[in-house]
Amino acid sequence: MRDLIVLGSTGSIGRQTLDVVRSHPGRWRIQGLAAGGDVDRLEAQVREFRPRRVAVADEAAAGELRGRLSGEGTEVLAGTAGLVELAAGTPGDGVVSGIAGVAGLAPTLAALRAGKRVALANKESLVAAGPVVRRELRARYPWLAEAPGLAVHRADAPLLPVDSEHSAIFQCLAGEGASRQVARLILTASGGPFRGWSRQRLAGVTAEQALRHPTWRMGARITVESALLMNKALEVIEAHFLFGVGYDQIDVVIHPQSIVHSLVAFVDGSVLGQLGAADMRLPIQYALTYPERWPSPAPGLDLAEVGRLEFEPPDRETFPSLELGYRAGRAGGTAPAVLNAAKEEAVERFLQGRLPFPAVAEVAGEVLAEHRPLAEPTLEEVLEADRWARERARSRMEAMAATW
Ligand code: MG
C-alpha cells in the first residue's frame, strides 16, 4: 500500500496511523482523511499531510472546514454519502478503517467493493455485518472461498486485521499454509480496571472509574466495553470471521500485563503467541507494511523489565458480557448486530451516568434473547436489526429507570 485513505483520522486509531506514516517519510501518501466533527484537528492534519479529499460528518463542519482551507486545493465532502465516496472513489490502494461503531460499516464495505485493501480496526464491520462482508469478499475474490476465514496470508490480501488480538493471531498463523492445523485460538484480555471485583462492588462503578484502563489508551466507549469484557465478546466474533474457526475453538484468557497479544494452539500441542508493547502503532504498521516488517515507532519489549506474565481464566459470572458474545456468535446472522447495537445504547447511557455498570450486559442480554436472527442477512437487514435493537434497548432502559 502506498496511497492511503484514513477513515476516523482524528480518533485514536487514526492519530496513531498518522504517527506511523509520519515516522517513515516518503513511504506513504495520504490521499484522503475522514473525521467526525473535530475540525481543528482535521485542519491541522490536512495542512501536514495534504490529502486530495477529506470527509466530515455533516454540512456544518464541511462548510467550516472549506472556509478554513480555501485555496489549499483539498476537496471537502460531507455526510455518509461523502464518507462512502471518499473511501471508494478516492485514488489510493489502501484504506485504514478506524471509525468506531456502525458508522464505519458503510465506508468499509464501499472500500472493499472498490477493490481497495482494508486495514480493519472497525470491528463492527465483522461483528455486525460479518455475513455481508464475507459474501462481498467471496464474490469479488473467488479464491477466498477456499480459505478458512477472511484474513489470508497473500501479498494481495484484501483485508488485514488491526485489532491487536487479531493482528497477533494473524502473525502466529503466517507461514502455516492453507492446511494449518489449528486446535484453538486464544484471545488475551487485560481484564480491565475491575479484574477481581465482585458483582456487588461493580454496581457502584462510575464512568470515570470505567474509563481508567490499566494498560491500553483507547477511545471512551471501547474503554468501557473493555472494562465489561464486552469488547472481548465482540473480538470472539471478529476472530470467527477473520480466521474461520468455530466458537468452540475460541478461548479467552485474562492476561493483566497486555504483553502477549493473543496466541494460537496447534494440534500438536505447540502454542505460538505474539508479544510486544501495548502500543497500537505496532499492529497498525504491520497491516500497512504486510507482508513486510519495518522498524516501528512503538517501543521495544524488555521482558526482564516486564518481569512476569500472568494468565487466569475470565470470571464469566461477574462479567456476563463475554458469554453474550458466544451466544450471539453461535446464533449467527443478525444476532451479533443486535448485541452490538443494544450494548452501544447501554454503554452510551452508562457514560451519561444514567445506567448502572452491570445493567449494560443485562440490557444487551435481554434484547439479544428477544431477537429472532435472520441467517445470511443483507446490509439493509443488518441495519434494520441494528435499529430494532437500539429501540428495544432504549425502551428496556426506560422501564428499568422507572423501577429505581
Ligand atoms: Mg482488541
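Please refer to the structure placed before this passage.
In this text the structure is predicted, and so the values were computed from the model without any measurement. (Residues numbered from 1 in each chain as written. Predicted model: local features only at pLDDT ≥ 70, side-chain atom pairs only at ≥ 80, totals over all residues. Heavy atoms only, no water.)

Moving on, we come to the overall build of the protein chain. Secondary structure assignment for the protein chain yields 18 helices and 11 strands. Taking 22 Å as the expected radius of gyration for a compact globule of 404 residues, we find that the protein chain reaches 20 Å, a close match to that expectation. Long-range pairs, those at least 24 residues apart, make up 67% of the contacts in the protein chain with a sequence separation of at least 6. Carbon and sulfur atoms make up 50% of the accessible area of the protein chain, which amounts to about 16200 Å² in all. Charged side chains in the protein chain number 45 positive and 49 negative. The centres of these two groups are separated by 1 Å. (Helix = DSSP H or I, 4+ residues; strand = E, 2+ residues; numbered from the N terminus. Rg over C-alpha atoms; globule rule 2.2 N^0.38 Å. Contact = heavy atoms within 4.5 Å. Areas by Shrake-Rupley, 256 points an atom, 1.4 Å probe, with all protein chains shown as cover. Lys, Arg positive; Asp, Glu negative; His and termini not counted. Charge placed at Lys NZ, Arg CZ, Asp CG, Glu CD.)

Our focus in this paragraph is a nonpolar patch on the surface. Taken together, the side chains of Leu-275, Leu-301, Leu-303, Leu-309 and Phe-311 define a hydrophobic patch exposed on the protein surface, amounting to about 400 Å² of accessible area. Within the element layout of this structure, Leu-309 appears in the loop between helix H14 (303-306) and helix H15 (321-331). For Leu-309, a relative accessible area of 33% corresponds to the partly exposed category. (Patch = residues over 30% accessible without salt bridge, like charges linked within 9 Å, V, L, I, M, F, W, Y side chains within 5 Å. Salt bridge = Lys/Arg side-chain N within 4 Å of Asp/Glu carboxyl O. Buried < 20%, exposed > 50% of the residue type's maximum accessible area, 1.4 Å probe, protein only.)

Of all eight residues in strand E8 (residues 182-189), six are buried; the element is thus mostly enclosed. Across five bridges, E8 lies against strand E10 (residues 260-266) in antiparallel orientation. Opposite Val-182, over in E10, you have Phe-266 as the bridge partner. Pairing of E8 with strand E9 (residues 250-254), which is carried by five bridges, proceeds in the parallel orientation. Its bridge partner lying in E9, Thr-188 is registered against Val-253. (Pairing = 2+ DSSP bridges.)

Attention now goes to the coordination of the magnesium ion. The magnesium ion binds to the protein through Asp-163 (OD), Glu-165 (OE) and Glu-235 (OE), with metal-donor distances spanning 2.1 to 2.2 Å. Mapped onto the polypeptide sequence, the residues donating to the magnesium ion form the spacing pattern D-x1-E-x69-E. Separated by 70 residues along the polypeptide, Glu-165 in helix H8 (residues 164-173) and Glu-235 in helix H12 (residues 230-243) bring together distant segments of the chain. Like Glu-235, Glu-165 is buried. (Donors = N, O, S within 2.8 Å, 3.2 Å for Na, K, Ca; no water.)

So, about the pattern of salt bridges. Tallied over the entire structure, the rule returns 42 salt bridges. For Arg-387, the salt bridge identified is with Glu-384, shortest N-O distance 3.0 Å. Of the two residues, Arg-387 and Glu-384 both sit in helix H18 (residues 379-403), three residues apart, roughly one turn of that helix. A relative accessible area of 43% means that Arg-387 is categorised as partly exposed. Exposure remark for Glu-384: the relative accessible area of 42% places this residue in the partly exposed category. Here the salt bridges do not stand alone but share partners, grouping Glu-124, Arg-221, Glu-225, Lys-343, Glu-344, Glu-345, Asp-386, Arg-390, Glu-391 and Arg-394 into one network.

Of all nine residues that make up helix H5 (residues 105-113), seven are buried, and the element is covered over most of its length. Taken together, the buried positions of H5 are Leu-105, Pro-107, Thr-108, Leu-109, Ala-110, Ala-111 and Leu-112.

With that settled, the discussion passes to the pairing of strand E3 (residues 53-56). Because side chains alternate across E3, one face comprises the buried residues Arg-53 and Ala-55, and the other comprises Val-54 and Val-56, equally buried. With three bridges joining them, strand E2 (residues 29-34) and E3 adopt parallel strand pairing. When the bridges of E3 are listed, Leu-33 appears paired with Val-54. Once the chain exits E2 it traverses helix H2 (residues 39-49) before rejoining the sheet at E3, and the crossover so formed is right-handed. Two strands pair when backbone bridges link them, and E3 and strand E4 (residues 75-78) are joined in this way by four bridges, in the parallel orientation. For Val-56, the partnering residue across the bridge sits in E4 and is Ala-78. Taken together, E3, helix H3 (residues 59-68) and E4 constitute a β-α-β crossover, and its handedness is right-handed. (Right-handed = clockwise from strand over helix to strand, strands pointing away.)

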